[in-house]
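Okay, here's what each chain looks like letter by letter:
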Amino acid sequence: MRLALGNDHAGLGLKPHVLRLLADLGHEVVDVGTDTEEPVDFPDVTRDVCRPVLAGEADRGILLCGTGVGASIAANKVPGIRAALCHDSYCAHQGVEHDDVNVLCLGAWIVGPLIAEDVIRSFLGATFSTDPDFRRRVEKLHAMERAAAGQGDEA
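The structure reproduced in this document is the subject of the present report. Bear in mind that the values here come from a model prediction, so they are computed numbers and not experimental data. (Residues numbered from 1 in each chain as written. Predicted model: local features only at pLDDT ≥ 70, side-chain atom pairs only at ≥ 80, totals over all residues. Heavy atoms only, no water.)

Looking now at the packing of aromatic side chains. According to the stated counting rule, one finds zero aromatic pairs in the structure shown. The side chain of Arg-60 reaches across the aromatic face of Phe-123, ending 5.1 Å from its centre. (Phe/Tyr/Trp six-rings, centres within 6.5 Å; stacked < 30°, edge-to-face > 60°. Lys NZ or Arg CZ within 6 Å of the ring centre and 35° of its normal.)

Take a look at the structure:
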């Protein structure tokens, strides 16, 4: 899988562990995050992760910041992105299976390397369900985005 990985300065401590895991799992990573402790604004990193996901240049994205909250908020402002803040493996796989989540947000101040590894493995191992109920609900999310952009009625 080709992945876009981004982090701000607060996510820097978790980044080497995530990069190592992704390499061990055989994924190709486009790293758009910072490598220094100089402050970086998470909305900028988020934009840089979402862009290749939307363009089809990355299958999914992973964002690391202090709590994951800011990255999640920013990512969900981008039409076509369905980001989830996950600090456990159940939410990580169910988010993909039920809601077609394409960007995982993790809080480096909240989870350590072992929990992050478990969450990431669950996120990457999951696929969007073919269940019509889940497909219908995600289509309603798309309709909400189109309505917000003035491109159609809300579902």
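We are not done yet, so read on.
Right, let's get into the sheet that holds strand E5 (residues 103-107). The strand order across the open sheet built from five strands is E2-E1-E3-E5-E4, with neighbouring strands paired in parallel fashion. The strands lining the two open edges of the sheet, one partner per strand, are strand E2 (28-31) and strand E4 (83-85). On average, adjacent strands in this sheet sit at an angle of 25 degrees to one another, irrespective of strand direction. In this structure, strand E1 (residues 2-7) lies alongside strand E3 (residues 60-65), joined through five bridges in parallel fashion. For Gly-6, the partnering residue across the bridge sits in E3 and is Leu-63. Docked against the sheet, helix H1 (residues 15-24) engages E1, E2 and E3, running at close to 175 degrees with respect to E1. Its contacts with the sheet put helix H5 (residues 113-125) on E1, E3 and E5, and the angle it makes with E5 is roughly 170 degrees. (Pairing = 2+ DSSP bridges. Helix = DSSP H or I, 4+ residues; strand = E, 2+ residues; numbered from the N terminus. Axes fitted to C-alpha atoms, helices over the stretch in contact; angles between N-to-C directions. Contact = heavy atoms within 4.5 Å.)

Let us look at the pairing of E5. Burial analysis of E5 places five of its five residues in the buried class, which makes it a mostly covered element. Residue alternation in E5 divides its side chains into two sets, Val-103, Cys-105 and Gly-107 and Leu-104 and Leu-106, and both sets are buried. As paired strands, E3 and E5 are joined by five bridges and run parallel to one another. Each residue of the ladder has a partner; that of Leu-64, found in E5, is Leu-106. (Buried < 20%, exposed > 50% of the residue type's maximum accessible area, 1.4 Å probe, protein only.)

Let's shift gears to the pairing of E3. E3 sits mainly inside the fold: six of its six residues count as buried. Of the two faces of E3, the one holding Arg-60, Ile-62 and Leu-64 and the one holding Gly-61, Leu-63 and Cys-65 are both buried throughout.

With that out of the way, let us pick up the nonpolar core. Judged by nonpolar contacts, the single largest core of 23 residues is most densely connected at Ile-62, Leu-104, Leu-106, Ile-120 and Phe-123. Residue contributions to this core peak at five residues, all from H5. Residues contacting Ile-120, with those up to four places away along its chain left out, are Val-18, Leu-21, Leu-22, Ile-62, Leu-104 and Leu-106. Core analysis: the second largest hydrophobic core is formed by 14 residues, Ala-58, Leu-63, Ala-75 and Ala-83 among them. (Core = buried A, V, L, I, M, F, W, Y, C linked by side-chain atoms within 4.5 Å.)

Buried within H1 we find Lys-15, Val-18, Leu-21 and Leu-22. The buried residues of H1 occupy an angular sector of 130 degrees when the element is viewed end-on, so they sit on one face. Opposite the buried face of H1, by more than 90 degrees, sit the exposed residues Ala-23 and Asp-24. Following H1 by one or two positions, Gly-26 adopts a phi angle in the positive range, close to 85 degrees. (Arc of directions from axis to C-beta.)

Positive phi is not limited to glycine here, since Asp-100 has a value of about 55 degrees. Among the secondary structure elements, Asp-100 is positioned in the loop between helix H4 (89-99) and E5. Classification of Asp-100 as partly exposed rests on a relative accessible area of 22%.

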